[in-house]
Amino acid sequence: MAILVTGGAGYIGSHTCVELLNAGYEIIVVDNLSNSSEKALERVREITGKKLTFYKADLLDKEALDNIFKKEKIDSVIHFAGLKAVGESVSMPLKYYHNNITGTITLCEVMQKHGVKDIVYSSSATVYGNPETVPIREDFPLAATNPYGRTKLVIENLLKDLHVSDNCWNIVILRYFNPIGAHESGKIGEDPKNIPNNLMPYITQVAVGKLEYLGVFGNDYDTPDGTGVRDYIHVTDLALGHLKALEKLKEKPGVSIYNLGTGKGFSVLEMVKNFEKVSGRTIKYRILPRRPGDIAICFADPSKAKKELGWEATRDINKMCEDAWRWQKNNPNGYND
Ligand code: NAD
Ligand code: WQD
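Throughout what follows, the structure given in this document is the object of discussion. (Residues numbered from 1 in each chain as written. Chains lettered and ligands numbered in written order. Predicted model: local features only at pLDDT ≥ 70, side-chain atom pairs only at ≥ 80, totals over all residues. Heavy atoms only, no water.)

**Some details on the overall build of the protein**
Next, step 1: Within the protein, the regular secondary structure consists of eleven helices and 14 strands.
Next, step 2: For 337 residues, the compact-globule estimate of 2.2 N^0.38 gives 20 Å, and the C-alpha radius of gyration of the protein, at 19 Å, lies within 12% of that figure.
Next, step 3: Taking all 337 residues of the protein together, the buried fraction comes to 55%.
Next, step 4: For the protein, restricting intrachain contacts to residue pairs at least 6 apart in sequence, the fraction spanning at least 24 positions comes to 80%.
Next, step 5: When the accessible surface of the protein is totalled, it reaches about 14,800 Å², and 49% of it is carbon and sulfur.
Next, step 6: Put simply, the protein has 42 plus and 42 minus side-chain charges, and the middle of one group is 2 Å from the middle of the other. (Helix = DSSP H or I, 4+ residues; strand = E, 2+ residues; numbered from the N terminus. Rg over C-alpha atoms; globule rule 2.2 N^0.38 Å. Buried < 20%, exposed > 50% of the residue type's maximum accessible area, 1.4 Å probe, protein only. Contact = heavy atoms within 4.5 Å. Areas by Shrake-Rupley, 256 points an atom, 1.4 Å probe, with all protein chains shown as cover. Lys, Arg positive; Asp, Glu negative; His and termini not counted. Charge placed at Lys NZ, Arg CZ, Asp CG, Glu CD.)

Dropping the structure here:
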């Protein structure tokens, strides 16, 4: 029996594929490569020395999905596929609602048809909006502030409703905080198609000389140094959380929700300093105005995942910076090198 990994060629998906293969799972990847490269999957094979099956297909293509479910013996699904750029979602809401929500509906319809009702879903800390306090627990109020975040909330509710309609559906929702870093081999990592939106790939591209300087979005927040604070988590720790979620699916069917974060917050300037220390490079930066929609501080209470999944992040901020740097240094142009 195999695990279907949607979006498995992407950043988090490819790292999860490595850990799944290392743990002995058989995997089938479905990805339309809209934000990824098939080379990532070649590298996954190279790192693990194991085989995986890949279908280039769109989740919106019901017939293609149906054929995959007919052909393969699929036991459970890990559902990463989706568009994730917050700014783009504001200018292209229809594209985001259509791809993320309709894609998930199509996937669930095909799963239902084939009697596959076990799913792990990639949600995000963005569903907490601007939390009143930190650390953030799973029972905090939900309030997305942009179309991307709203697709995450709609899908969380859709999955909960599915379980209410048929309690054989077995669902684990994982709310990721800020995934960064790369596999320690330096062979796979985050490969943004254009100028990076997120902090760490921006820093690594400044370090490698592709970008001139980092714009720090605001230094007047109510945080120790005035810059935004986030809960950065190593992508391999995050990937390992999915293996724990698969084990959870073997228990009585239900809907379980977990924060995957470290529980520690780092500011933008702390990230710059840590990166400079491990890379030996200087990161030029300039203070810019706040980025609309940003919040001051966000970090998880990850204790529920520790208690119920036996999962905990173990890789520290230096390891995150070290691995992100190795990936960028070895692949200055990402998978295009
Ligand atoms: P990514 O863009 O690297 O990976 C997503 C993958 O899905 C890509 O390979 C893309 O080609 C594929 N895809 C998109 N739409 C598809 C469709 N209709 N059919 C088939 N494939 C499709 O992003 P990622 O960072 O690996 O994120 C994975 C998931 O985790 C996403 O759902 C994202 O919203 C969520 N998430 C990401 C972060 C983050 O900061 N990276 C944080 C929280 C949650
Ligand atoms: C981190 C900090 C910025 C870039 C986003 C999504 C969220 C989730 C994770 C998917 C903030 C600052 C950033 C730069 C900067 N994704 N920054 N200069 O905004 O916490 O979360 O990715 O679900 O939904 O919103 O992450 O990496 O963009 O920013 O100063 O060039 O770095 O202001 O304080 P964010 P990020």
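**A short note on the nonpolar core**
Next, step 1: Core analysis: the largest hydrophobic core is formed by 39 residues, its most contacted members being V5, I27, L52, V120, L174 and L260.
Next, step 2: If you list the elements that add at least two residues to this core, you get β1 (2-6), α1 (11-22), β2 (26-31), α2 (38-48), β6 (170-176), α8 (235-249), β11 (255-260) and α10 (303-309).
Next, step 3: Sequence-distant contacts of L174, defined by excluding residues within four places in its chain, comprise V120, Y121, S122, S123, S124, G241, H242, A245, Y258 and L260.
Next, step 4: Counting residues in each nonpolar core, the second largest holds 28 residues, with L65, I74, I155 and L159 among its members. (Core = buried A, V, L, I, M, F, W, Y, C linked by side-chain atoms within 4.5 Å.)

**Structural notes on the packing of α1 against α8**
When two helices pack together, you describe them by how their axes are tilted relative to each other and by the distance separating the axes.
Next, step 1: Interhelical geometry of α1 versus α8 gives an angle of 60° and a closest axis separation of 8 Å. Of the possible angle classes, the one that applies to α1 and α8 is oblique. Of the two possible hands of crossing, α1 and α8 adopt the one that is right-handed. Only V235, T236, L238, A239, L240, H242, L243 and L246 of α8 make contact with α1, whose side of the interface consists of Y11, I12, H15, T16, E19 and L20. (Axes fitted to C-alpha atoms, helices over the stretch in contact; angles between N-to-C directions. Parallel < 35°, antiparallel > 145°, perpendicular 65-115°, else oblique. Left-handed = near helix turned anticlockwise from the far one by under 90°.)

**Some details on the packing of aromatic side chains**
Each aromatic ring pair is described using two quantities: the centre-to-centre distance and the angle formed by the ring planes.
Next, step 1: Following the criterion strictly, the structure yields three aromatic pairs and no others.
Next, step 2: Looking at K304, its charged tip hangs above the ring of Y258, at a distance of 4.8 Å from the centre. (Phe/Tyr/Trp six-rings, centres within 6.5 Å; stacked < 30°, edge-to-face > 60°. Lys NZ or Arg CZ within 6 Å of the ring centre and 35° of its normal.)

**Some details on the sheet that holds β2**
Next, step 1: One open sheet accounts for seven strands, arranged β3-β2-β1-β4-β5-β6-β11; its pairing is parallel. Whereas interior strands pair on both sides, the edge strands pair on one side only; in this sheet they are β3 (53-56) and β11. Taking the axes of each pair of neighbouring strands and ignoring which way they run, one obtains an average angle of 20° across the sheet.
Next, step 2: With five bridges joining them, β1 and strand β4 (residues 74-79) adopt parallel strand pairing. In the strand pairing of β4, V5 is matched with I78.
Next, step 3: Each of β1, β2, β4 and β6 is contacted by α1, which is oriented at about 165° to β2, the strand it contacts most. (Pairing = 2+ DSSP bridges.)

**Examining the side chain of H183**
Next, step 1: The topology assignment puts H183 in the loop between β7 (178-180) and α7 (199-207).
Next, step 2: By relative accessible area, H183 is classed as buried at 11%.
Next, step 3: In this structure the side chain of H183 is engaged in a polar contact, spanning 2.7 Å, whose partner is the side chain of S185.
Next, step 4: In this view, H183 contacts H15, V18, E19, I47, I188 and T236; residues no more than four positions away in its chain are not counted. (Polar contact = N/O pair within 3.5 Å; in protein donor to acceptor, adjacent residues only side chain to side chain.)

**A look at the site of ligand 1**
Next, step 1: Neighbouring residues of ligand 1: 27 residues in total, closest I12, D31, N35, S36 and Y148.
Next, step 2: K84 is positioned such that a nitrogen or oxygen atom in its side chain is 2.8 Å from an oxygen atom of ligand 1.
Next, step 3: Against a free-state accessible area of 820 Å², the protein chains account for coverage of 95% of ligand 1.
Next, step 4: Elements with a contribution of two residues or more to the shell around ligand 1: α1, β5 (118-124) and α6 (147-165).
Next, step 5: Looking at the shell around ligand 1 element by element, the count peaks at three residues for β5.
Next, step 6: Residue composition of the shell around ligand 1, grouped by class: twelve nonpolar, eleven polar and four charged. (Near = heavy atom within 4 Å. Nonpolar A, V, L, I, M, F, W, Y, C, P; charged D, E, K, R; others polar.)

**Examining the sheet that holds strand β14 (residues 297-298)**
Pairing between the strands of a sheet comes from backbone hydrogen bonds, and it takes one of two forms, parallel or antiparallel.
Next, step 1: Strand order in the open sheet made by the three strands is β12-β9-β14, with mixed pairing throughout. Looking at strand neighbours, the two that pair on one side only are β12 (266-267) and β14, the edges of this open sheet.
Next, step 2: As paired elements, strand β9 (residues 229-230) and β12 share two bridges and run antiparallel to each other. Bridge pairing links R230 to F266 in β12.

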